[in-house]
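Each chain, letter by letter, is given below.
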Amino acid sequence: MTFKPALIIVDVQEDFCPPDGALQVPGGRDIVPVINELLKLPFPLKIATQDWHPEDHISFASNHPPPNNIPFESTITFKNPIDPAEKPQTTRLWPVHCLRGSDGRGSDGAKLVPELNFPKEDKVHRIVKKGEDKRVEMYSAFADPFEKPAVKSDLAKILREENITDVYCTGLAADYCVYYTALHAAEKGFTTWVVKDAQKPVKQENMKEVEETYKQDKYKIKMVSKDEVLQKIKQ
Ligand SMILES: [Zn+2]
């Protein structure tokens, strides 16, 4: 297959960025100029994802009773809603973030940061929403974490329809949504790259394990710098 890359910009939303975000990733806003440089490249497909939660979402600490409802600390275990026999998933709880709002237009915190420089008339540019089902956490922009997912986005379908071979992942956060999106992309057979200077983690200490996992034979995900991507995509 001919090399046809897609750029995926994961969750670069106000709530994940300083100074006002509800779930700020340290330095989250600093990656925007790097992503803007990537957006100028002739990627045939550029996709942004948006965390997009209802108020009663399972990942919000405030939706659970004490004592296990401390944001950033507590975890909960949840079952696959369509297959309760599947091994349950344990997930961290967070402050309320990225509310889609009752009118579906999104809270201020759910908005993509305005400095992102999307090409205005770019017909290939798409936005994929994630985390809309209150019953499951959905870090990956492809699906919930279950083996037989209860919730899937259109992302895999969009990539396949466009005959994409390679996926370049950027965004927030490097140790959660970028990470799980990259793993799913590789599992689905796309050659997967993570642009290391176009992402930031919630916790730097998580990155060692993230990078070790990327190297596994099962995934073969490569970390590249923005400059390496500039070289490759210009060719
Ligand atoms: Zn979320």
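To be clear, the structure that these remarks concern was listed above.
Okay, so let's go over this structure. Note that this is a predicted model, so its numbers are computed, not measured. Here the residue numbers are simple positions, counted from 1 along each chain's written sequence. In keeping with the model being predicted, local features are shown solely for residues with a pLDDT of at least 70 and side-chain atom pairs are shown and tallied solely at 80 or more, while totals for entire chains, interfaces and linings include all residues.

**Quick notes on the overall build of the chain**
Phase 1 of the analysis: Looking only at helices and strands, the chain has five helices and eight strands in total.
Phase 2 of the analysis: Ordered by position in the sequence, the α and β elements of the chain form the string β-α-β-β-β-β-α-β-α-β-α-β-α.
Phase 3 of the analysis: Over its C-alpha trace the chain gives a radius of gyration of 17 Å, about what one expects of a compact globule, namely 18 Å for 235 residues.
Phase 4 of the analysis: A principal-axis box enclosing the C-alpha atoms of the chain has dimensions of 55 × 40 × 35 Å.
Phase 5 of the analysis: Remark: residues whose backbone-derived C-beta atoms lie within 7 Å of one another are considered to be in contact. Of the contacts made within the chain by residues no fewer than 6 positions apart, 71% connect residues no fewer than 24 positions apart. Numbering of helices and strands runs from the N terminus, with a helix taken as a DSSP run of H or I at least four residues long and a strand as a DSSP run of E at least two residues long. In this description the radius of gyration comes from C-alpha coordinates, and the expected globular size is given by 2.2 Å times residues to the power 0.38.

**Regarding the nonpolar core**
Phase 1 of the analysis: Ala6, Ile8, Cys169 and Val178 are the most contacted members of the largest nonpolar core, which has 54 residues in total.
Phase 2 of the analysis: Looking at this core, the elements with two or more residues in it are strand S1 (5-10), helix H1 (32-39), strand S2 (45-51), helix H2 (155-161), strand S6 (166-172), helix H3 (177-187) and strand S7 (191-200).
Phase 3 of the analysis: The dominant element in this core, judged by the number of residues it contributes, is H3, at eight residues.
Phase 4 of the analysis: Not counting chain neighbours up to four residues away, the residues in contact with Val178 comprise Val10, Cys169, Gly171, Leu172, Ala173, Val194 and Gln199. A set of buried residues drawn from Ala, Val, Leu, Ile, Met, Phe, Trp, Tyr and Cys, joined through C-beta atoms within 7 Å, is what defines a nonpolar core. Each residue is classified by how many other C-beta atoms fall within 10 Å of its C-beta atom, where C-beta atoms are placed from the backbone; a count of 20 or more means buried, 12 or fewer means exposed, and values in between mean partly exposed.

**A word on the packing of H1 against helix H5 (residues 226-234)**
When two helices pack together, their arrangement is captured by the angle between the axes and the distance separating the axes.
Phase 1 of the analysis: Relative to each other, H1 and H5 sit at 5°, their axes nearing to 10 Å. Classified by the interaxial angle, the pair formed by H1 and H5 is roughly parallel. Contacts from Val34, Glu37 and Leu38 in H1 reach Lys226, Val229 and Leu230 in H5.
Phase 2 of the analysis: Each residue receives one of three labels: charged for Asp, Glu, Lys and Arg, nonpolar for Ala, Val, Leu, Ile, Met, Phe, Trp, Tyr, Cys and Pro, and polar for the others, Gly being one of them. Of the residues contributing to the contact of H1 with H5, the split by class is four nonpolar, no polar and two charged. Angles here are taken between N-to-C directions and fall from 0 to 180 degrees, while the axes themselves are lines fitted to C-alpha atoms, restricted in helices to the stretch in contact. What sets the label is the angle itself: under 35 degrees gives roughly parallel, over 145 gives roughly antiparallel, 65 to 115 gives roughly perpendicular, and the rest give oblique.

**Examining unusual backbone geometry**
Phase 1 of the analysis: With omega at 5°, the peptide bond leading from Pro66 into Pro67 counts as cis.
Phase 2 of the analysis: In this structure, Pro67 sits in the loop between S2 and strand S3 (75-78).
Phase 3 of the analysis: Residues Leu172 and Ala173 are joined by a peptide bond in cis, for which omega reads -15°.
Phase 4 of the analysis: Unlike most non-glycine residues, Asp11 shows phi in positive territory, near 50°.
Phase 5 of the analysis: Mapped onto the fold, Asp11 is located in the loop between S1 and H1.
Phase 6 of the analysis: Of note, the phi angle at Cys98 is positive, near 50°, even though the residue is not glycine.
Phase 7 of the analysis: Examined against the element boundaries, Cys98 turns out to sit in the loop between strand S4 (89-92) and strand S5 (126-130).
Phase 8 of the analysis: With 27 C-beta atoms counted inside 10 Å, the residue Cys98 sits in the buried group.

**Examining the environment of Gly101**
Phase 1 of the analysis: Tracing the backbone through its elements, the reader meets Gly101 in the loop between S4 and S5.
Phase 2 of the analysis: A count of 14 C-beta atoms within 10 Å places Gly101 in the partly exposed class.
Phase 3 of the analysis: Distance in space between the C-alpha atoms of Gly101 and Phe43 is 32 Å, their sequence separation being 58 residues.
Phase 4 of the analysis: Excluding its chain neighbours within four sequence positions, the residues that come into contact with Gly101 are Gly106 and Ser107.

**Points about the pairing of S6**
Phase 1 of the analysis: A large share of S6 lies buried, amounting to seven of its seven residues.
Phase 2 of the analysis: Covered by surrounding structure in S6 are Asp166, Tyr168, Thr170 and Leu172 together with Val167, Cys169 and Gly171, the residues of both alternating faces.
Phase 3 of the analysis: Relative to S6, S1 runs parallel, the two being bridged by six bridges. If you follow Ile8 over to S6, its bridge partner there is Cys169.
Phase 4 of the analysis: Any two strands between which DSSP finds at least two bridges are classified as paired. Note that S6 and S7 share six bridges and pair parallel. Within S7, the residue paired with Cys169 across the bridge is Val194.
Phase 5 of the analysis: Handedness of the crossover joining S6 and S7 through H3 is recorded here as right-handed. The handedness of a crossover follows from its direction of travel: if, with the strands pointing away from the viewer, the path from the first strand over the helix to the second runs clockwise, the crossover is right-handed.

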